[in-house]
Amino acid sequence: MNTFYPVEDIRLDNTAMTGEIIKLFHKLGQIRMKYGYEQWRKLDVPLAQLKSLFLIHMRGSVNVRTLAAEMGVTPSNVTGIVDRLVAQGLVKRSEGLDDRRIVLLEVTDKGRETITEIHETGNSYLKGVLERMDSEDIAALVKGMSTFITAIELDQQEKIVKM
């Protein structure tokens, strides 16, 4: 298939290739955003609530102040969002173990099911796209993505060590 780079064009220098990779990631982001938006519209969960749901899920449990900080809003703004998530049965509140004044937020089973559904829909779409590619291109993609992920992980480890 080699849609973007015929074999003879792969001899670009690193700067040109880096620029092209950034353009491709931008294009991929646009495509995923468009597809993701279509899937999100089918859910009965507004975007701010969905963002909150994913952040709570990633943390395992989180208090309102931390969630607000991660979203870049005030705790009072998050309270309304959380109230709606609780009303929908996607998130539950519980008291902190050490301090009962702290309210912890956790994703419920229904919330996890919603997140799983979103992931499965995306995975199904990606699987369909990958089935259109030939095995040589898929192997190249696996190798390139694996190398890229390894580079990201090393970069993140180095940044943690420098802290």
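All values derive from a computational prediction rather than experimental measurement.

The rules behind these values
- Residues numbered from 1 in each chain as written.
- Predicted model: local features only at pLDDT ≥ 70, side-chain atom pairs only at ≥ 80, totals over all residues.
- Heavy atoms only, no water.
- Pairing = 2+ DSSP bridges.
- Helix = DSSP H or I, 4+ residues; strand = E, 2+ residues; numbered from the N terminus.
- Contact = heavy atoms within 4.5 Å.
- Axes fitted to C-alpha atoms, helices over the stretch in contact; angles between N-to-C directions.
- Parallel < 35°, antiparallel > 145°, perpendicular 65-115°, else oblique.
- Left-handed = near helix turned anticlockwise from the far one by under 90°.
- Core = buried A, V, L, I, M, F, W, Y, C linked by side-chain atoms within 4.5 Å.
- Buried < 20%, exposed > 50% of the residue type's maximum accessible area, 1.4 Å probe, protein only.
- Patch = residues over 30% accessible without salt bridge, like charges linked within 9 Å, V, L, I, M, F, W, Y side chains within 5 Å.
- Areas by Shrake-Rupley, 256 points an atom, 1.4 Å probe, with all protein chains shown as cover.
- Salt bridge = Lys/Arg side-chain N within 4 Å of Asp/Glu carboxyl O.
- pLDDT = per-residue confidence, 0-100.
- Phe/Tyr/Trp six-rings, centres within 6.5 Å; stacked < 30°, edge-to-face > 60°.

### Topic: the sheet that holds strand β2 (residues 91-95)
- Spatially, β1-β3-β2 is the arrangement adopted by the three strands of the open sheet, whose pairing is antiparallel. Taken across any chain shown, the strands that pair with only one partner, and hence form the sheet edges, are β1 (62-63) and β2.
- Relative to strand β3 (residues 103-107), β1 is paired through two bridges, and the arrangement is antiparallel. In the strand pairing of β3, asparagine 63 is matched with leucine 104.
- Its contacts with the sheet put helix α2 (residues 47-59) on β1, β2 and β3, and the angle it makes with β3 is roughly 100 degrees.
- Helix α4 (residues 75-87) rests against β2 and β3 of the sheet, and its axis sits at about 110 degrees to β2.

### Some thoughts on the packing of α2 against helix α3 (residues 64-71)
- As a packed pair, α2 and α3 sit with axes 11 Å apart at the nearest point and diverge in direction by 120 degrees. Looking at the two axes, α2 sits oblique to α3. Viewed along their axes, α2 and α3 form a crossing whose handedness is right-handed. Listed contacts from α3 to Ala48, Lys51, Ser52, Leu55, Ile56 and Arg59 of α2 are Thr66, Leu67, Glu70 and Met71.

### Digging into the nonpolar core
- With 20 residues, the main nonpolar core has Leu53, Ile56, Leu67, Val78 and Leu105 as its most contacted residues.
- Sorting the residues of this core by element identifies α2, α3, α4 and β3 as the ones contributing at least two each.
- Apart from residues no more than four positions distant in its own chain, leucine 53 is found in contact with Leu85, Leu90, Val91, Val107, Gly111, Thr114 and Ile115.

### Re a nonpolar patch on the surface
- Nonpolar side chains collect at one region of the surface, where Ile31, Tyr125, Leu126, Val129, Leu130, Leu141, Met145 and Ile149 lie side by side and expose about 620 Å² of accessible area between them.
- Per element, the largest residue contribution to the nonpolar patch is four residues, and it comes from helix α5 (residues 109-130).
- Within the secondary structure, methionine 145 is located in helix α6 (residues 135-162).
- On the basis of relative accessible area, methionine 145 is assigned to the partly exposed category, the value being 46%.

### Brief notes about the confidence of the model for the chain
- Per-residue confidence for the chain gives a mean pLDDT of 85, with 89% of residues at or over 70.
- Between the elements of the chain, mean pLDDT differs from a low of 80, seen in helix α1 (residues 14-42), to a high of 93, seen in β3.

### Structural notes on the pairing of β3
- Relative to β3, β2 is paired through five bridges, and the arrangement is antiparallel. Residue pairing across strands places arginine 93 opposite leucine 105, the latter belonging to β3.

### Re the packing of α2 against α5
- Here α2 crosses α5 at 105 degrees, and the two axes come no closer than 11 Å. Here α2 lies roughly perpendicular to α5, going by the angle between them. Within the contact between the two elements, α2 uses Leu50, Leu53, Phe54 and His57 and α5 uses Gly111, Arg112, Thr114, Ile115, Ile118 and His119.

### Section: the packing of aromatic side chains
- This model, assessed by the stated rule, comprises one aromatic pair.
- Centre to centre, the rings of phenylalanine 25 and phenylalanine 148 are 5.2 Å apart; their planes meet at 35 degrees, and the pair counts as tilted. Residue phenylalanine 25 is located in helix α1, and its partner phenylalanine 148 is located in helix α6; the two are separated by 123 residues in the primary sequence.

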